[in-house]
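Reading the structure
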Amino acid sequence: MRQFTVYGSSHWIVLGIFVLGAVAVVALGRRREAAAARRFSRIMAGLVLALQLAIQAYSMSEFGVDHGLPLQLSDLAAFVTAYALWSLRQWAYALTYYWGLTLSTQALVSPALRGDDFPSVGFLAFWLIHLFVVWAAIYLTWGLRMRPGWRDYRLAVAATVCWAAVAFTVNAAAGTNYGFLNAKPTQASLLDVLGPWPWYLLPELALVLTVWALMTWPWVRARVPVR
């Protein structure tokens, strides 16, 4: 089986599917009545949760603690996304918005994916969960018109710092590298231009804080009402 190549044919096809799916979920969110939109949200929540649980079980059986623990931020994003879709709680939406539209989107643009190309299990698992998390963030924001604020920004920052502290501690104790907090990925990535370890963690944090602030400010300034 062919090896996956960043910006190879399969990658471009996935990006095309992402664009079509993003348009579709916004249209579905805006055109449905409240009861129908809630049913669709819960169906999507079930799909995300089932997919993430299957990925987690597969990862643990194949890779053990090195890659199987739910300590990647993308793992947490998937679980939170499922809850956000099911409950429509603001705090869960906020984490889905910030994590989904930055960290999960980055995985679409510069995937840290090694192994066989389509239709391998690893390929399908990686792309499906990232696509659904980003689609969910788009659906909740532009489909259902949920909005973030500065309180949500502070929540996302605090939650991310807590996750980083836990993941860094586990990495140091178990010799793992969740979140690439203890070493850079072997594939080329944005971290390559941010300096050596551990110094790249500081500009990475500063970049995330800045981008999230820019993602919050227009909604607050415009005072868009929550529906």
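Residues numbered from 1 in each chain as written. Predicted model: local features only at pLDDT ≥ 70, side-chain atom pairs only at ≥ 80, totals over all residues. Heavy atoms only, no water.

**With respect to the pattern of salt bridges**
Condition: We count a salt bridge whenever a side-chain nitrogen from Lys or Arg sits within 4 Å of a carboxyl oxygen from Asp or Glu. Helical segments are the DSSP runs of H or I of at least four residues, strand segments are the runs of E of at least two, and each set is numbered from the N terminus. Throughout this description, buried means an accessible area under 20% of the type-specific maximum (1.4 Å probe, protein chains only), exposed means over 50%, and partly exposed covers the range between.
All chains considered together, the criterion is met by 1 salt bridge. One salt bridge connects Asp-117 with Arg-2, and the closest N-O pair in it is separated by 3.0 Å. In this pair, Asp-117 is assigned in the loop between helix H4 (90-109) and helix H5 (121-143) and Arg-2 in the segment before helix H1 (9-31), connecting sequence segments 115 residues apart. For Asp-117, a relative accessible area of 2% corresponds to the buried category.

**Let's talk about H4**
Counted only if it meets this: Expected helix span is computed as 1.5 Å times (number of residues minus one). By definition, a residue's bend is the angle between the axes fitted to the seven residues ending there and the seven starting there.
Taking 1.5 Å of rise per residue, 20 residues should cover 28 Å, and H4 covers 27 Å from first to last C-alpha, within 8% of that figure. A bend of about 40 degrees at Gly-100 is the largest found in H4.

**A short note on the side chain of Asp-152**
Quick note on the threshold: Positive residues here are Lys and Arg, negative ones are Asp and Glu, while His and the chain termini are left out of the count. Polar contacts here mean pairs of N or O atoms no more than 3.5 Å apart (in protein, one a potential hydrogen donor and the other a potential acceptor; neighbouring residues in sequence count only if both atoms are side-chain atoms).
Inspection of the secondary structure assignment puts Asp-152 in helix H6 (residues 150-174). No salt bridge is formed by the buried Asp-152. Its closest oppositely charged neighbour is Arg-151, at 6.3 Å. Polar side-chain contacts of Asp-152 include one of 3.0 Å to the side chain of Gln-90.

**What to know about the side chain of Ser-104**
Worth spelling out the cut-off: In this description, contact between two residues means that some pair of their heavy atoms is separated by no more than 4.5 Å.
Secondary-structure assignment places Ser-104 in helix H4. According to the relative accessible area criterion, Ser-104 is buried, its value standing at 4%. Ignoring anything within four residues of it in the chain, the contact list for Ser-104 reads Ala-77, Trp-99, His-130, Val-133 and Val-134.

**Re unusual backbone geometry**
At the junction of Phe-118 and Pro-119, the peptide bond is cis and its omega measures out at 10 degrees in the coordinates. Mapping Pro-119 onto the fold places it in the loop between H4 and H5. Its identity is not glycine, yet Tyr-7 carries a phi of approximately 60 degrees, on the positive side. With respect to the element layout, Tyr-7 can be found in the segment before H1. Even without being a glycine, Phe-180 presents a positive backbone phi close to 55 degrees.

**Considering the packing of H6 against helix H7 (residues 201-222)**
The criterion, for reference: As a rule, the C-alpha atoms of each element are fitted with a line to give its axis, helices using only the stretch in contact, and angles between N-to-C directions run from 0 to 180 degrees. Roughly parallel means an angle under 35 degrees; roughly antiparallel means over 145; roughly perpendicular covers 65 to 115; every other angle is labelled oblique. Note on convention: near helix rotated counterclockwise from far helix by under a right angle means a left-handed crossing. Clockwise means right-handed. The nonpolar class holds Ala, Val, Leu, Ile, Met, Phe, Trp, Tyr, Cys and Pro. Asp, Glu, Lys and Arg form the charged class, and all remaining residues, Gly among them, are polar.
Orientation of H6 relative to H7, taken along the N-to-C sense of each, is 160 degrees, at an axis distance of 9 Å. As the angle between them shows, H6 and H7 are arranged roughly antiparallel. In this structure, H6 crosses over H7, and the sense of that crossing is right-handed. Residues Trp-150, Tyr-153, Ala-156, Val-157 and Thr-160 of H6 touch H7, and the partners they reach there are Leu-209, Trp-212, Ala-213, Thr-216, Trp-217 and Val-220. Within the contact of H6 with H7, the residues separate by chemical class into 9 nonpolar, 2 polar and no charged.

**A short note on the packing of helix H2 (residues 34-63) against helix H3 (residues 73-87)**
Packing of H2 against H3 brings their axes to within 7 Å, and their N-to-C directions diverge by 155 degrees. Judged on the interaxial angle alone, H3 and H2 are roughly antiparallel. Read as a crossing pair, H2 and H3 show a hand that is left-handed. Contacts between H2 and H3 pair Arg-38, Ser-41, Arg-42, Met-44, Ala-45, Val-48, Leu-49, Gln-52, Leu-53 and Gln-56 from the former with Asp-75, Ala-78, Phe-79, Thr-81, Ala-82, Leu-85, Trp-86 and Ser-87 from the latter. In terms of residue class, the contact of H2 with H3 is built from 10 nonpolar, 5 polar and 3 charged.

**Section: the packing of aromatic side chains**
Note the cut-off: Between the rings of Phe, Tyr and Trp (Trp by its six-membered ring), a pair exists once the centres lie within 6.5 Å; its type follows the angle of the planes, with under 30 degrees stacked, over 60 edge-to-face, and the other angles tilted. To sit over a ring, a charge needs its Lys NZ or Arg CZ within 6 Å of the ring centre and within 35 degrees of the ring normal.
All told, the structure shown has 16 aromatic pairs when counted by the stated rule. Summarising the aromatic geometry, the rings of Phe-40 and Tyr-139 are spaced 5.2 Å apart at their centres and angled 65 degrees between planes, so their arrangement reads as edge-to-face. Here the residue Phe-40 occupies a position in helix H2, and Tyr-139 occupies one in helix H5, the gap between them amounting to 99 residues. Above the plane of the ring of Trp-86 lies Arg-42, whose end atom (NZ or CZ) is 4.2 Å from the centre.

**Overview of a nonpolar patch on the surface**
What counts, and what does not: In this scheme, patches are assembled from residues that exceed 30% relative accessible area and form no salt bridge. Like charges are connected within 9 Å, while nonpolar side chains (Val, Leu, Ile, Met, Phe, Trp, Tyr) are connected within 5 Å. In short, Shrake-Rupley with a 1.4 Å probe defines the accessible areas, and a residue's cover is counted only from the protein chains shown.
There is a patch of nonpolar side chains on the surface, built from Val-6, Tyr-7, Trp-12 and Val-109 and spanning about 390 Å² of accessible area. Turning to its location among the elements, Val-6 is positioned in the segment before H1.

**A look at the environment of Arg-42**
If you trace the backbone, Arg-42 turns up in helix H2. With 37 residues separating them in the primary sequence, Arg-42 and Thr-5 have C-alpha atoms 34 Å apart. Filtering out sequence-adjacent residues up to four positions away, Arg-42 remains in contact with Leu-85 and Trp-86.

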